[in-house]
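Coordinate inspection notes
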Amino acid sequence: MTPSPYPLGLRLEGRRVVVVGGGTVATRRVPALLDAGADVLLVAPELTPALRAHADAGRLHWEPRRFTPEDLAGAWLVQVAVDDPIAAAAVSAAAAERRVFCVRADDRGAATAWTPAVTRHGPVTVAVFGGGHPRRAMTVRDAIRDLLDARRNPLSADSVEQGPPADAPGRVALVGAGPGDPELITVKGWRLLTQADVVVADRLVPGLLLDELRPDVELVDASKIPYGPARAQEEINQIIVDRARAGAFVVRLKGGDPYVFGRGGEELLACAAAGVPVTVVPGVTSSIAAPAAAGIPVTHRGVAHEFTVVSGHVAPDSPASLVRWDALAALRGTLVVLMGLKNLAAIAATLVAHGRPADTPAAVVQEGTTGGQLVLRSTLGAVAADVVAAGLRPPAVVVVGDVVDVLSP
């Protein structure tokens, strides 16, 4: 009889964890390690765009090469996320020699530690082992999650969309994952995500949601790094359509809301042209959630009766811009700018030039609703320089208007 694993909660804050491999398995596992506060060393010649974003943001250290035993110096845990059994065995041997627990994505039997199926409910974390059978563990995990979340009961008589029968044709769900906090995905969005055969995910999707996918789910990293490498939208459309035509249930998981600068409409049109049925699940948009998390309401009685959300990824003086910045400057309400850090100086100068006072309160919220949230408060005339001085980076939401200070003590 095979001995049962000894369940243990690892406190990894500040402790070195080595991840070997930069593909989809690592993309799913790294966010949970970062959430635990681990000092992550990622060793891989190449990375997915999502992992590269973590490296560029300084959340982990990346060594762009193959693994060497010296990488385990000072490590408490190593996760092997490669599909080369020879390379994985070499990492296992080095870990065993140094008495470092080793998780193997390619061979659970050769591992000295297993990652359980996990669900998180506020401060409660439930980890389930299935005796070496991941699907069993996921089934039990999902049942526990249902019990913890009284709002969602998949056995309810009036429940809808319980998942397609095994012989159903492929379909697609465009799901908004919310602004960054994994608990801000909608109940319906989460339910469809747990049913997915294929998940096509953007960079801004909360990483912990990917950590909770079934092990047999195909994860397609369709990250779009701002002003960097991008997978063409046409290619993303084709992936979604091809997988659905092959009979899979595809969840296109997008940060925020699919229809707020998320190209969800383009993807729906591509599916419609291919005859693929689509369900659209709205998400909590960062244009409202990020300011709210920073203590800024986009409207407030007696202060702002309207708010406007615009994209700032195109400079105001560009012929490609569709935004009437002169008209926005004349408004008295709140202006929320998404994807605007690169052009923030030009945007602020344009608004001031068209009449918006330079002393109008302004704020920038970086990585709103996440553990990395940063808030900068300034004025319209000074905000661009203050952002540079503070080293803020995307993703960030810019808020302009009197509401910035309305709840400040």
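As shown above, the structure is provided for reference.
None of these values were measured; they are calculated from a predicted model.

Burial of strand β8 (residues 171–176) is extensive: 6 of the 6 residues sit out of reach of the surface. Side-chain alternation along β8 places Arg 171, Ala 173 and Val 175 on one buried face and Val 172, Leu 174 and Gly 176 on a second face that is also buried. Relative to strand β11 (residues 249–254), β8 runs parallel, the two being bridged by 6 bridges. Paired with Val 175 across the bridge in β11 is Leu 253.

It is worth spelling out helix α11 (residues 344–353) at this point. Three or more residues of α11 are buried, namely Leu 344, Ile 347, Ala 348, Thr 350 and Leu 351. End-on view of α11: buried residues confined to an arc of 160°, all on one side of the axis. For α11, the elements touching its buried residues are α10 (325–330), β14 (334–338), β15 (361–366), α12 (383–390) and β17 (396–400). Remark: Gly 355 follows α11 within two positions and exhibits a positive phi of approximately 115°.

Attention now goes to the environment of Val 91. Residue position: Val 91 is located in helix α3 (residues 85–97). Val 91 sits 23 residues away from Thr 68 along the chain, and the two C-alpha atoms are 8.0 Å apart.

If you trace the 5 strands from one edge of the open sheet to the other, you get β13-β14-β17-β15-β16, paired in mixed fashion. The two strands at the open ends of the sheet, each matched to only one other strand, are β13 (307–311) and β16 (374–379). Going from strand to strand, the sheet's axes swing by 20° on average, the running direction of each strand aside. Here 5 bridges tie β15 to β17, and the two strands are oriented antiparallel to one another. Looking at β17, one finds that Val 364 is bridged to Val 398.

What follows deals with the pattern of salt bridges. All told, the structure shown has 22 salt bridges when counted by the stated rule. Measuring nitrogen to oxygen at the nearest pair gives 3.1 Å for the salt bridge that ties Asp 56 to Arg 52. One end of the pair is Asp 56 and the other is Arg 52, both in helix α2 (residues 49–56) and 4 residues apart, which spans about a single turn. Exposure remark for Arg 52: the relative accessible area of 39% places this residue in the partly exposed category. A salt bridge links Arg 65 to Glu 63; the shortest N-O distance between them is 3.6 Å. Ionic contacts of the salt-bridge type, sharing partners, join the residues Arg 29, Arg 120, Asp 211 and Glu 212 into one network.

Looking at the secondary structure, you find Val 128 in strand β7 (residues 124–128). Placed 264 residues apart in sequence, Val 128 and Leu 392 show a C-alpha to C-alpha distance of 39 Å. For Val 128, the residues in contact, after removing those within four places along its chain, are Pro 116, Ala 117, Ala 137, Val 140, Arg 141 and Ile 144.

The parallel open sheet is built from 5 strands, whose spatial order is β10-β9-β11-β8-β12. Here the strands that pair on one side only, and so sit at the sheet edges, are β10 (218–221) and β12 (278–281). Here the strands of the sheet are splayed against their neighbours by 15° on average, with no regard to which way each runs. By the bridge criterion, 4 bridges tie β8 to β12 in an arrangement that is parallel.

Analysis parameters
Each chain has its residues counted from 1, following the order in which its sequence is written. The predicted origin of the model limits local features to residues at a pLDDT of at least 70 and limits the giving and counting of side-chain atom pairs to 80 or more, whereas totals for whole chains, interfaces and linings rest on all residues. Heavy atoms throughout the structure, all of them, feed into the side-chain values; hydrogens and water do not. Categorising residues by exposure relies on relative accessible area from a 1.4 Å probe, with only protein chains included: less than 20% of the type maximum marks a residue as buried, more than 50% marks it as exposed, and the intermediate range marks it as partly exposed. Every helix listed is a DSSP run of H or I at least four residues long, and every strand listed is a run of E at least two residues long, numbered separately from the N terminus. When DSSP finds two or more bridges between a pair of strands, those strands are recorded as paired. Working definition: the arc comes from the directions between the helix axis and the C-beta atoms, pointing outward to the latter. Contact definition: two residues touch when any of their heavy atoms are within 4.5 Å. What counts as an axis is a line fitted to C-alpha atoms, over the stretch in contact for a helix, and the angles between N-to-C directions run from 0 to 180 degrees. A side-chain nitrogen of Lys or Arg and a carboxyl oxygen of Asp or Glu constitute a salt bridge if their distance falls within 4 Å.

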